Amino acid sequence: MFLLSPPALTLLVFFFVPLVIMASYTVREGTFGVASRTFSLDSFRTLTENPGFLRLLKDSMVLSLQTSFFAILLAYPVAYFLVFHAGKRRMSLLTLLIVPAWTSYLLRILAWKLILGSNGVLNYTLLNLGWIDEGVPIFLYSRTAVLITLVYVWVPFAALPIFSSLERIQRHLLEAASDLGAKPWESFLRVTLPLSFPGILAAFFFVSIPTVGEWVTPTLVGGVDGIMYGNLIQDQFSRALNWPMGALLSMVLLVIVLVAVMVFNRFVNITEVGAYG
Amino acid sequence: MAEARVAARWAGAGYYALLALFLYMPIFLLIVFSFNDSVILAFPLKGFTLEWYHELLQAEELLASIKNSLLVGFLASAVSLALGTLAAIAIMRFRFRGRDTFLSFASLPLVIPYVVLGVALLILFSALGIDLYLWTVAIGHVVINVPYVMLIVAARLAGFQANLEEAAMDLGATYWVTLTKVTLPLSAPALVAAFLSSFTTSFDEFTLAFFLAGTQNTLPVYLYSQLRFPSRLPLAVSLAAVVMVVSILILLLSEWLRRIGAGASKTKGIK
Amino acid sequence: MNAESSVRLVNVTKQFPVPEKGQADVRAVEDISLDIREGEFFTLLGPSGCGKTTTLRLIAGFETPDSGMVIIGGQVANELAPYQRPVNTVFQNYALFPHLTVEQNVAFGLKVKRIPVPEQEQRVNEALELVQMGAYGRRRPSQLSGGQQQRVALARALVNRPAVLLLDEPLGALDLRLRKDMQYELKRLQVEVGITFIYVTHDQEEALTMSDRIAVMNQGEVLQIGSPSEIYDQPVDRFVASFIGDTNLLNAQVVSVKNGHVRLQMGGGEVELPRNGREVTAGQGVTVAIRPEKLRILRSDGKPKRGIQLHGQIRETIFAGPDTRHLVNLENGERLVVLIRSKDVAGKQHFEPGDAVEVSCDSSGPRLLLQ
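Just so it is clear, the model here is predicted, and its values are computed rather than measured. (Residues numbered from 1 in each chain as written. Chains lettered and ligands numbered in written order. Predicted model: local features only at pLDDT ≥ 70, side-chain atom pairs only at ≥ 80, totals over all residues. Heavy atoms only, no water.)

A. Representation of the nonpolar core within the structure. In this structure, Met22(A), Leu30(B), Met150(B), Phe97(C), Phe108(C) and Ile198(C) are the most contacted members of the largest nonpolar core, which totals 216 residues. Counting the residues that make up this core, at least three belong to each of domain 1 (1-49) and domain 2 (56-244) of chain A. Apart from residues no more than four positions distant in its own chain, Phe97(C) is found in contact with Leu173(A), Ala176(A), Ala177(A), Leu180(A), Val191(A), Asn105(C), Phe108(C), Pro141(C) and Arg156(C). (Core = buried A, V, L, I, M, F, W, Y, C linked by side-chain atoms within 4.5 Å. Buried < 20%, exposed > 50% of the residue type's maximum accessible area, 1.4 Å probe, protein only. Domains from an automatic or database assignment. Contact = heavy atoms within 4.5 Å.)

B. Just the packing of helix 4 (residues 90-98) of chain A against helix 7 (residues 143-167) of chain A, in detail. Residues and elements named next belong to chain A. Axis separation between helix 4 and helix 7 bottoms out at 9 Å; the angle between their running directions is 160 degrees. The orientation of helix 4 with respect to helix 7, classified from their angle, is roughly antiparallel. Where helix 4 crosses over helix 7, the two elements pack in a sense that is left-handed. Where helix 4 approaches helix 7, its residues Arg 90, Met 91, Leu 94, Leu 97 and Ile 98 are matched on the opposing element by Pro 156, Leu 160, Phe 163 and Glu 167. The class makeup of the residues in the contact of helix 4 with helix 7 is seven nonpolar, no polar and two charged. (Axes fitted to C-alpha atoms, helices over the stretch in contact; angles between N-to-C directions. Helix = DSSP H or I, 4+ residues; strand = E, 2+ residues; numbered from the N terminus. Parallel < 35°, antiparallel > 145°, perpendicular 65-115°, else oblique. Left-handed = near helix turned anticlockwise from the far one by under 90°. Nonpolar A, V, L, I, M, F, W, Y, C, P; charged D, E, K, R; others polar.)

C. The arrangement of the interface of chain C and chain A in detail. Each side of the interface is counted separately: chain C has 24 residues, and chain A has 19 residues. With both chains or domains summed, chain C and chain A bury close to 1900 Å², and 62% of this area falls on carbon and sulfur atoms. Inspection of the region where chain C meets chain A yields two salt bridges. As a salt-bridge pair, Arg114(C) and Glu186(A) come within 3.0 Å of each other at their nearest N and O atoms. Where chain C meets chain A, there are eight residue pairs in polar contact (both at pLDDT 80 or more). For the side of chain C that touches chain A, the secondary structure elements donating two or more residues are helix 1 (52-60), strand 6 (87-90) and helix 2 (102-112) of chain C. The dominant element in the side of chain C that touches chain A, judged by the number of residues it contributes, is helix 2 of chain C, at four residues. Among the residues forming the side of chain C that touches chain A, the class breakdown is 12 nonpolar, six polar and six charged. (Buried area = accessible area lost by both parts, 1.4 Å probe. Salt bridge = Lys/Arg side-chain N within 4 Å of Asp/Glu carboxyl O. Polar contact = N/O pair within 3.5 Å; in protein donor to acceptor, adjacent residues only side chain to side chain.)

D. Molecular detail of the sheet that holds strand 7 (residues 164-168) of chain C. Residues and elements named next belong to chain C. One open sheet holds the six strands; their spatial order is 6-7-8-3-9-10, and the pairing between them is mixed. In this open sheet, the two edge strands, each paired with only one partner strand, are strand 6 and strand 10 (221-226). The sheet shows a mean angle of 20 degrees between the axes of neighbouring strands, direction not considered. As judged from the four bridges shared by strand 6 and strand 7, these two strands associate in the parallel manner. When the sheet's bridge partners are listed, Val 90 is paired in strand 7 with Leu 167. Sheet strands touched by helix 4 (residues 146-158): strand 6 and strand 7. Its angle to strand 6, the strand with the most contacts, is close to 175 degrees. (Pairing = 2+ DSSP bridges.)

As structure tokens, this is what we get:
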């Protein structure tokens with residue numbers, strides 16, 4: 001299979017092998033700097049003895065679920081409107097919503113920092129409207145700020161798979177529901193919503209996987225409260241320099257994501273999750 | 001009944017407008033600040049200036065990082081395009097043992113948090129004693145882009161009939177001639193779209209670059225280092241405005257090509 | 001028949017916005033009036049794009065008329081949504097809900113009408129038995145063949161006991177054998193449940209086999225309404241004559257008109273036909289339709305006969321199972337198709353290409369049509 005060997009080999013060497021080596025690093029002794037070759041279960045001990053790690057993991061998972069939930073909640077109605085009410089312009093209108101997401105990721109986060117800060121645009125507006133008396137950093141440097149920013153970043157990407165799953169619903173099915181006596185609201189609950197479920201699930205993965213490992217947004221707008229599991233990993237490699245610990249934390253995250261993907265792979269085609277990039 | 005439909009349409013349009021406002025407002029804000037005559041990025045605005053754009057042209061470190069990003073982007077996209085196209089042709093045109101396994105394996109980078117991949121590659125390069133440089137970033141970007149290229153090109157290949165290729169071979173073309181004279185030209189719009197999509201991903205990618213760039217800066221890595229200094233922010237913001245306009249133009253072009261590429265027939269999922 | 005009217009359309013018109021280029025599908029209907037009786041098997045027949053499906057959708061409530069009235073069971077239904085109408089539809093591609101089992105599909109209408117569960121179950125079972133799908137309740141639509149999906153779609157509609165069942169080319173996707181079986185099956189069901197069926201098809205044979213009455217449509221208009229034999233034997237115009245069954249259409253010119261008859265110059269000879277109440281004057285061009293099976297072929301012997309007699313030459317004979325088609329060139333260059341039973345061809349009725357023949361039939365066979 002001569003066509004296949006170059007890509008297969010590349011992915012093997014630079015994707016599969018690194019993950020295996022990383023797994024082997026989890027059982028090495030942590031030194032200040034690059035790991036030594038000594039076998040050690042220190043990292044596992046640290047992980048189990050330190051509830052802080054697992055709490056942060058749980059917090060990050062919750063935050064990632066929240067982000068997916070709100071992104072889908074905001075995106076679903078717009079996808080629904082575009083598919084069922086926007087006629088021929090729906091593709092252009094959809095593209096218009098994606099355009100902001102094509103600008104620099106870091107700078108979009110920066111924009112939210114400018115909006116949410118104590119001298120920020122939100123405070124300024126509220127002050128001028130007379131709704132508040134003094135500038136307080138309402139949201140910045142908090143978990144909420146991270147959530148708002150992440151939802152902002154991911155809404156357009158949640159809209160894509162939902163849009164395409166709604167587009168795939170045959171109009172005849174909705175007519176059939178109405179014909180059989182279902183009022184519009186019932187048609188939606190009994191036909192449209194279940195049939196768009198694969199899109200919702202794809203959107204869920206599309207949003208939750210990158211956000212669960214997110215560390216840049218928490219660093220920029222999260223403050224102390226907003227630290228996430230991704231920060232912990234990054235920290236082991238850039239400041240704490242405990243590579244085995246970082247490798248273990250990465251492996252834990254990887255296993256969780258892979259298990260989730262495998263469980264839901266029955267319902268959603270993972271190639272579809274990526275088909276919107 | 002008709003009235004209810006009209007009402008639903010207006011409610012939907014209103015919601016769309018609100019969401020669009022939510023999505024565009026922060027970007028609009030950055031553009032406004034890029035013309036603001038003040039070091040502090042806050043309201044009230046102080047006056048109009050082009051100073052930041054002027055300074056942009058003289059910020060050498062910044063320009064160097066842009067050059068690095070372009071280099072990494074081109075390198076990573078070219079390699080991703082070649083590898084992803086080969087994979088797409090293989091999975092769409094041949095039924096081989098392990099095809100589904102390969103497809104799942106090759107799609108895995110789509111569902112791996114970048115921080116995990118970045119760390120894993122960092123460990124690999126360190127274990128092999130390879131110094132981090134721009135090309136190590138490019139390798140990371142190849143890994144994340146190959147699945148995208150594969151899926152985009154495969155969607156195009158699904159869009160035209162395999163019997164066009166069979167016809168070519170029937171007319172006496174060898175496999176290689178068929179590939180270069182029929183398959184690839186027919187996929188050309190998808191190839192361009194896949195390249196542009198890889199390029200923009202690579203150009204804006206931060207996490208992998210952060211772990212794998214060593215002492216070099218790509219543009220996002222440089223920007224990240226600047227975000228900690230408030231006095232540098234206006235510069236970053238004016239850069240944002242420029243990058244924004246350029247990447248929107250590139251992506252509109254790639255979207256347009258993808259639509260041509262997918263043709264009138266709908267893009268099918270790969271089962 | 002003196003039965004009550006079940007569905008009436010009164011001067012219904014529906015226009016669609018000009019379609020995009022490339023899809024010149026004229027689906028509009030223009031000033032349609034129909035009166036469909038209780039318990040009738042009524043068919044809307046016409047080529048694709050003739051407006052028959054639009055007419056059905058107007059009755060179902062998926063479209064609202066621009067003008068005119070849709071009356072269902074004596075009630076003006078123009079403003080009623082589909083879910084408020086006492087009609088159910090069997091869709092062309094069945095439109096079964098892919099996420100529900102066969103049972104859940106059939107129960108859908110009962111569920112949204114809040115029918116008590118025990119009654120739901122009983123009615124679902126009855127409906128599935130009625131279409132002989134009792135054993136398939138727990139399957140998904142994707143696990144069924146086309147014919148089975150068809151039956152489920154029928155059960156899903158019938159279980160609601162609608163006043164009218166609308167069927168949109170329900171057999172269109174089935175292969176020929178299955179189609180024939182389902183035709184009888186549908187007819188049996190209709191007699192058994194006794195409700196009005198309004199059936200849309202482009203297949204004239206299907207329409208003739210199953211219907212009590214047929215409305216032939218073309219380009220958004222109803223051309224003729226009548227029983228299958230009326231439509232077949234007494235078509236009102238060229239379109240109906242040629243759309244239903246095989247027909248020879250001959251150009252003719254009126255020579256003279258007297259009382260109930262007209263004398264025509266046709267196919268190189270002169271013939272006399274009943275006028276059928278049509279207003280014609282001498283010199284006018286008209287069309288004469290003659291079914292191929294009503295014609296006979298005789299060897300030319302020069303003797304005049306009663307009825308119609310045209311002279312020509314055998315051009316070709318084509319064996320087609322029970323009948324053999326004979327193509328005859330008439331003296332004026334027009335062409336006729338004549339059917340002769342294949343078992344007769346071996347004997348006296350054997351003709352070879354080139355034979356000079358006379359084509360004749362009695363005067364009830366041809367039908368005078370306006371141009």
